[in-house]
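As a plain string of letters, each chain reads:
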Amino acid sequence: MLKQLIVLGFPSLLVAQFSNVHEGFGLDIGSNGSGIFFSRHYTHESGKYSLSGELRFYDIKASDETIVYDWYYNQYQSVGGKSLLLVPFFLGSNYYPFAGKIANNFSPFITFKSGPILTINGQESGRFINRWVNSETHGSWGGFAGVGAEIRTVSSTTIMLHMGYEYLPLAKISDGKKDYSGLLIHISFNRLKK
């Protein structure tokens, strides 16, 4: 009985101590591609740590991909590219070791996140819609570990800069590789939810 009460009561106890909720979006710039993401952060009342969740859309780039000008169609187009999209859904936390020790709006942190990754592997040629209609999908697990800094502004917004290593293994080989792990710069723009 006590075990059931703890299991049922712990989430409400945990949520009650997270008073600041921020929602945001941002940009990812990595060694294997770039993308966008949407996030939500729950900051603990102590200011020592926060919990977060994010959904990313990460476009994988080929090492020989380039932009060329097509004189016939009078427009620029990408050549040598990959039609590979990774959609990680990561949950994790930030730990602020200097909470309350720095007297301004700058808060460095250490971050760890992990979760499932959906891989969408489209065809390499054809019109845009045709490449993605019959795409191959599979799932795997990955994560991110790094350091960062949160900059708070007067208008209840924050900017978070993360730098670290992202672990992105795939369940099977997609576009010649089974692992798209590498360095990542993660820039987030967040606003306090009211």
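Before reading further, recall that the structure is shown in the block above.
Residues numbered from 1 in each chain as written. Predicted model: local features only at pLDDT ≥ 70, side-chain atom pairs only at ≥ 80, totals over all residues. Heavy atoms only, no water.

Across its full length, the protein carries two helices and 12 strands. Start at the N end of the protein and walk to the C end: the helices and strands fall as α-β-β-β-β-β-β-β-α-β-β-β-β-β. Burial status across the protein gives 36% buried among its 194 residues. Taking the contacts inside the protein whose residues are at least 6 apart along the sequence as the reference set, 60% of them involve residues at least 24 apart. (Helix = DSSP H or I, 4+ residues; strand = E, 2+ residues; numbered from the N terminus. Buried < 20%, exposed > 50% of the residue type's maximum accessible area, 1.4 Å probe, protein only. Contact = heavy atoms within 4.5 Å.)

Turning to the sheet that holds strand S1 (residues 20-30), a few remarks are in order. With antiparallel pairing, eight strands are arranged side by side around a closed barrel as S1-S2-S3-S6-S7-S8-S9-S12. Along the sheet, successive strands turn relative to each other by an average axial angle of 25 degrees, direction set aside. (Pairing = 2+ DSSP bridges. Axes fitted to C-alpha atoms, helices over the stretch in contact; angles between N-to-C directions.)

Moving on, we come to the nonpolar core. With 11 residues, the main nonpolar core is built from Tyr-58, Ile-60, Leu-84, Leu-86, Phe-90, Ile-117, Phe-144, Leu-168, Leu-170, Tyr-180 and Leu-184. At the level of elements, strand S3 (49-60) and strand S6 (84-95) are the ones that each hand at least two residues to this core. Among the elements that take part in this core, S6 stands out by supplying three residues, more than any other. Look past the residues within four positions of Leu-170 in its chain and what remains in contact with it is Leu-86, Thr-119, His-138, Ser-140, Lys-177, Lys-178 and Tyr-180. (Core = buried A, V, L, I, M, F, W, Y, C linked by side-chain atoms within 4.5 Å.)

All right, on to the packing of aromatic side chains then. Under the counting rule described, the total for this entry stands at two aromatic pairs. Arranged with centres 5.8 Å apart and planes meeting at 35 degrees, the rings of Phe-25 and Phe-189 form a pair that is tilted. In this pair, Phe-25 is assigned in strand S1 and Phe-189 in strand S12 (residues 182-192), connecting sequence segments 164 residues apart. Exposure remark for Phe-25: the relative accessible area of 48% places this residue in the partly exposed category. Judged by relative accessible area, which is 35%, Phe-189 ranks as partly exposed. Here the guanidinium or amino end of Arg-56 rests over the ring plane of Phe-144, the centre of that ring lying 5.7 Å away. (Phe/Tyr/Trp six-rings, centres within 6.5 Å; stacked < 30°, edge-to-face > 60°. Lys NZ or Arg CZ within 6 Å of the ring centre and 35° of its normal.)

With that settled, the discussion passes to the pattern of salt bridges. For the coordinates displayed, the defined rule picks out eight salt bridges. A salt bridge links Glu-23 to Arg-40, with the nearest nitrogen and oxygen atoms 2.1 Å apart. One end of the pair, Glu-23, is in strand S1; the other, Arg-40, is in strand S2 (residues 33-43), and 17 residues separate them in sequence. The exposure class of Glu-23 is partly exposed, given its relative accessible area of 34%. In this structure, Arg-56 engages Glu-54 in a salt bridge whose closest nitrogen and oxygen atoms are separated by 2.5 Å. By relative accessible area, Arg-56 is classed as buried at 1%. Residue classification places Glu-54 among the buried residues on the basis of a relative accessible area of 2%. Connected through salt bridges with shared partners, the residues Asp-28, Glu-54, Arg-56, Lys-113 and Glu-166 form a single ionic network. (Salt bridge = Lys/Arg side-chain N within 4 Å of Asp/Glu carboxyl O.)

Here we come to the side chain of Glu-150. Structurally, Glu-150 can be placed in strand S8 (residues 136-152). A polar side-chain atom of Glu-150 sits 2.7 Å from a polar atom in the side chain of Tyr-96. When sequence neighbours within four positions are dropped, the list of residues in contact with Glu-150 reads Tyr-96, Asn-105, Phe-106, Ser-107, Phe-109, Thr-158, Ile-159 and Met-160. (Polar contact = N/O pair within 3.5 Å; in protein donor to acceptor, adjacent residues only side chain to side chain.)

Looking now at the pairing of S3. By the bridge criterion, 11 bridges tie S2 to S3 in an arrangement that is antiparallel. Each residue of the ladder has a partner; that of Ser-39, found in S3, is Glu-54. Hairpin geometry of S2 and S3 is characterised by an intervening segment of five residues between the two adjacent antiparallel strands and by a positive phi of about 80 degrees at Gly-47. Here S3 pairs with S6 via nine bridges, running antiparallel. The partner of Leu-51 across the bridge, within S6, is Ser-93.

Here the focus is the side chain of His-186. Mapped onto the fold, His-186 is located in strand S12. A polar contact is formed between the side chain of His-186 and the side chain of Asp-28, at a distance of 2.4 Å.

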